[in-house]
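Coordinate inspection notes
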Amino acid sequence: MSFFKVEHLGIRFGGVVAVDNVGFEVKRGEVFTIIGPNGAGKTTIFNLIGLIYPATRGRILYQGRELTGLPPHRVAELGIARTFQNIELFEHATVLQNLLIGRHRHRRTSLWREMLFTSSVRQAEIAQREAVEKVIDFLELAKVRDSLVAGLPYGVRKVVELGRALATEPRLLLLDEPSSGLNPEETDDMAFWIEDIKRHLGITVLMVEHDMNLVSRVSDRVLALNMGSVIAEGTAAEVQAHPAVVEAYLGKAA
Amino acid sequence: MRFIFKTDYEQDIRLFRHGGQRFWYGVLAVLLLLAPWWAGEYVMSQLHFILIYSIVGFGLMMLTGFTGQVSLGHAAFLAVGAYTEALLQAAGVPFVISIGCAALFTAVLGLIVGLPALRLKGIYLTIATLAFNVIVEEIIARWHSLTGGNEGKHLKPVQILGWKLESDAEFYYLCLVLTVICCLACVNLLRSPTGRAFVAIRDSEVSASCMGVHLAKYKTIAFAFSAALTGIGGALYAHKLAFISPEQFTLFQSIELITIVILGGIGFLHGAVLGAAFIIVLPQLISIAKGWLPEGLVPAGMQAVVFGVILVLVIIFEPLGLYGRWLKIRAWFELFPFYRKGMFRRQKSYMKSERLR
Ligand SMILES: Nc1ncnc2c1ncn2[C@@H]1O[C@H](COP(=O)(O)OP(=O)(O)OP(=O)(O)O)[C@@H](O)[C@H]1O
Ligand SMILES: [Mg+2]
């Protein structure tokens with residue numbers, strides 16, 4: 001049984017075929033990266049996996065279970081977390097509250113007990129905070145713990161979003177362009193964290209990324225996409241050297 | 001400026017963050033408990049209304065301020081709470097049970113009204129709740145055999161286990177106790193997973209759903225909870241007026257209720273109380289103004305106009321409402337002389353749909 005597998009995945013928006021017959025497999029414990037020029041359909045694949053859009057065709061298999069057809073919130077409950085290309089944080093909440101929402105799938109309390117804030121709720125809350133505090137330590141977010149997200153710089157928000165995804169304690173983490181908008185230093189931190197997430201937390205990472213330095217540094221395998229179709233798959237070096245990839249990025253040599 | 005040094009996880013969960021807060025809430029509690037001694041008959045009556053509107057304000061704040069679902073139909077829940085109480089009292093049901101039924105019944109109705117919320121967003125949902133308000137108002141006016149139609153219904157004073165709450169002070173304490181209970185229920189929800197799910201839905205539905213929040217479930221919970229509080233408020237409202245009729249629950253009433261929330265400060269429970277107080281005091285201010293101005297300059301129905309103007313001004317100039325204004329004033333004193341303009345500016349979050357890609 002494969003850990004995560006996508007078969008014949010496709011979606012069209014009106015006349016645009018955004019993703020066309022895409023298939024790949026992610027092994028447990030690896031970092032798998034999808035690259036491709038703008039508009040290749042990378043984010044759309046993530047949205048299909050997150051069940052934000054229903055796939056026009058194909059299947060998504062996670063630990064032997066078919067995701068297609070489930071309601072979207074089930075994806076998170078099964079242990080798949082994601083970040084967004086353009087950051088989708090809860091703006092008018094603090095960093096801590098954002099991370100606590102990541103703990104949503106681990107809640108054990110009922111509405112009635114929450115209204116009364118019984119001691120079991122209190123204990124559960126303390127446990128959630130302990131879990132979140134580990135993420136805060138891991139990503140060095142202690143300084144901004146109680147700041148409103150709306151006031152934070154872009155680079156920090158990017159890390160907060162990663163933190164929120166980690167707070168869910170996922171088995172599979174989807175990162176949509178984790179380094180976009182970051183300066184070289186922050187990108188370096190990000191690479192370091194992705195390596196740590198894989199090695200120390202044992203989380204499988206499926207990532208979309210443009211920065212080839214970062215891609216070569218952290219990825220075990222790379223998939224190249226163009227116009228919604230797979231054009232190459234292999235190690236970072238192999239894919240970068242592949243003629244179809246060179247052509248997709250640079251245009252056909254005249 | 002106060003820095004709170006955190007040493008354990010309980011600190012974030014506590015009701016009172018620091019000693020200062022405990023002190024001021026203590027002062028407020030004493031003032032409120034002693035109100036029958038310091039307040040005259042007129043002020044007492046105003047306090048009744050402020051407490052009742054605060055309960056409704058909490059309900060609407062949970063839905064609009066924290067879950068982001070704007071309702072223009074809460075007068076209907078108020079009506080259903082009020083009529084449930086009136087009918088059950090007439091049938092001889094004890095108050096403790098009848099007010100519970102008012103809450104339960106409106107909660108169920110809230111669930112039903114919440115259903116379109118799963119499909120409709122923003123202004124469309126608001127229009128649906130508005131339609132609901134009109135429908136309920138019509139039903140109450142037409143269903144003569146049950147509601148007495150436009151002749152309305154009379155209520156007797158509240159009686160709890162044989163104890164008649166006839167004086168203003170007794171009814172005041174009843175309102176106070178219920179306000180505190182409702183407030184605590186809101187605060188408790190907001191520091192638990194459910195409250196965080198509400199806020200998540202308000203700020204970004206897509207990412208709430210990606211964090212495992214079942215949007216449909218939590219939106220309906222928000223509607224039901226909000227309606228239940230409004231139903232409790234409605235039951236008290238009915239007793240306060242001792243007479244209810246359909247024209248008390250029109251669209252204008254709904255607008256008044258949403259004004260409480262927007263004026264008080266979207267996203268703050270304190271805002272609900274401030275907004276309620278303002279809404280109750282405003283008509284008095286208007287009538288005082290009327291006395292000062294020459295005869296005929298202020299036409300009848302001025303109240304609706306003033307409400308509208310205030311709403312527009314608040315939305316344009318002080319989106320955080322009265323409570324936001326208070327926070328700024330406090331920050332100004334705490335930070336003096338370092339306060340700068342724009343410290344509270346929120347980032348605009350238009351292009352929500354664009355952000356997904
Ligand atoms: N909701 C939608 N409705 C219509 N078209 C869409 C939608 N989402 C994506 N598309 C189209 O699908 C194609 C792929 O878009 P996608 O966002 O997946 O690209 P991408 O590979 O993530 O690009 P980038 O590197 O710029 O992020 C684009 O042509 C885009 O316009
Ligand atoms: Mg993209």
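Bear in mind that the values here come from a model prediction, so they are computed numbers and not experimental data.

1. Focus: the packing of helix α13 (residues 251–264) of chain B against helix α14 (residues 269–292) of chain B
To characterise two packed helices, one gives the angle between the axes of the helices and the distance between these axes. Residue and element names in this part refer to chain B. At their nearest, the axes of α13 and α14 sit 7 Å apart, and the two run at 125° to each other. By the criterion of interaxial angle, the relationship of α13 to α14 is oblique. For the element pair α13 and α14, the recorded crossing hand is right-handed. Side by side, α13 and α14 meet where E256, T259, I260, L263 and G264 of the first sit next to G271, A272, G275, A276, F278 and I279 of the second.

2. Structural notes on the sheet that holds strand β1 (residues 4–13) of chain A
Strands pair in a sheet through their backbones, by hydrogen bonds, and they do so in one of two ways: parallel or antiparallel. Residue and element names in this part refer to chain A. Reading across from one edge, β2-β1-β4-β5 is the order of the four strands in this open sheet, with antiparallel pairing throughout. In the strand order of this sheet, the two ends are held by β2 (16–26) and β5 (65–66), each with one partner. Here β1 runs beside β2; their pairing, made up of seven bridges, is antiparallel. When the bridges of β2 are listed, L9 appears paired with V22.

3. Comments concerning the site of ligand 1
Every one of the 14 residues lining ligand 1 counts as a neighbour, but G39, K42, T43, T44 and Q85 of chain A are closest to it. Site remark: ligand 1 is flanked by residues from chains A and B. Between ligand 1 and Q85 of chain A there is a distance of 2.8 Å, counted from an oxygen atom to a side-chain nitrogen or oxygen. Bound to the protein, ligand 1 loses 74% of the 640 Å² it would expose on its own. Looking at the shell around ligand 1 element by element, the count peaks at three residues for helix α1 (residues 42–49) of chain A. Each residue belonging to the shell around ligand 1 can be placed in one class, and the counts come to four nonpolar, seven polar and three charged.

4. Quick word on the nonpolar core
Core analysis: the biggest nonpolar cluster contains 98 residues, and Y53, L174 and L236 of chain B have the highest contact counts within it. By residue number, the principal contributor to this core is helix α4 (residues 41–66) of chain B, which donates 15 residues. Each residue touching Y53 of chain B, except ones within four places of it in the same chain, is listed here: Y237, Q253, E256, L257, I260, A276, I279 and I280 of chain B. Within the second largest apolar cluster, 35 residues are counted, among which are L96, A167, L173 and L182 of chain A.

5. A word on the pairing of strand β3 (residues 31–35) of chain A
Residue and element names in this part refer to chain A. The buried fraction of β3 is high, at five of five residues. Judged by which residues are buried, β3 turns out to be covered on both faces: V31, T33 and I35 on one side and F32 and I34 on the other are all buried. With four bridges joining them, β3 and strand β8 (residues 204–208) adopt parallel strand pairing. Bridging from a neighbouring strand, V31 pairs with V205 of β8.

6. Observations regarding helix α7 (residues 184–199) of chain A
For α7 of chain A, spanning 16 residues, the distance from its first C-alpha to its last is 23 Å, which sits close to the expected 22 Å at 1.5 Å a residue. Contacts made by the buried residues of α7 of chain A are with β3, α5 (119–138), α6 (154–167), β7 (172–176), β8 and α8 (212–218) of chain A.

7. Section: the interface of chain A and chain B
Taken together, the contact between chain A and chain B spans 46 residues of the former and 40 residues of the latter. For the chain A and chain B pair, buried surface summed over both sides reaches about 4000 Å², with 59% attributable to carbon and sulfur atoms. A per-residue breakdown of the area chain A buries against chain B is headed by E88, H92 and H104 of chain A, which together make up 16% of the total. One can count one salt bridge joining chain A with chain B. As a salt-bridge pair, E125 of chain A and R196 of chain B come within 3.0 Å of each other at their nearest N and O atoms. Mapped by element, the contributors of at least two residues to the side of chain A that touches chain B are α1, α2 (72–77), α3 (95–102), α4 (111–116), α5 and α6 of chain A. Take the side of chain A that touches chain B: its biggest share by element is seven residues, from α5 of chain A.

8. Focus on the packing of aromatic side chains
Inspection of every chain in the model, using the stated rule, returns eleven aromatic pairs over all chains. Aromatic side chains F77 of chain B and F132 of chain B sit 5.2 Å apart centroid to centroid with 45° between the ring planes, which places their arrangement in the tilted category. In this pair, F77 of chain B sits in helix α5 (residues 74–90) while F132 of chain B sits in helix α7 (residues 122–142), placing the two residues 55 residues apart along the sequence. Counting every residue linked through ring pairs, the aromatic cluster contains F49, Y53, Y83, Y237 and F249 of chain B. Here R191 of chain B stacks its cationic end above the ring of F117 of chain A, 3.7 Å away from the centre of that ring.

Reading guide: rules and limits
- Residues numbered from 1 in each chain as written.
- Chains lettered and ligands numbered in written order.
- Predicted model: local features only at pLDDT ≥ 70, side-chain atom pairs only at ≥ 80, totals over all residues.
- Heavy atoms only, no water.
- Axes fitted to C-alpha atoms, helices over the stretch in contact; angles between N-to-C directions.
- Helix = DSSP H or I, 4+ residues; strand = E, 2+ residues; numbered from the N terminus.
- Parallel < 35°, antiparallel > 145°, perpendicular 65-115°, else oblique.
- Left-handed = near helix turned anticlockwise from the far one by under 90°.
- Contact = heavy atoms within 4.5 Å.
- Pairing = 2+ DSSP bridges.
- Near = heavy atom within 4 Å.
- Polar contact = N/O pair within 3.5 Å; in protein donor to acceptor, adjacent residues only side chain to side chain.
- Areas by Shrake-Rupley, 256 points an atom, 1.4 Å probe, with all protein chains shown as cover.
- Nonpolar A, V, L, I, M, F, W, Y, C, P; charged D, E, K, R; others polar.
- Core = buried A, V, L, I, M, F, W, Y, C linked by side-chain atoms within 4.5 Å.
- Buried < 20%, exposed > 50% of the residue type's maximum accessible area, 1.4 Å probe, protein only.
- Expected span 1.5 Å × (residues − 1).
- Buried area = accessible area lost by both parts, 1.4 Å probe.
- Salt bridge = Lys/Arg side-chain N within 4 Å of Asp/Glu carboxyl O.
- Phe/Tyr/Trp six-rings, centres within 6.5 Å; stacked < 30°, edge-to-face > 60°.
- Lys NZ or Arg CZ within 6 Å of the ring centre and 35° of its normal.

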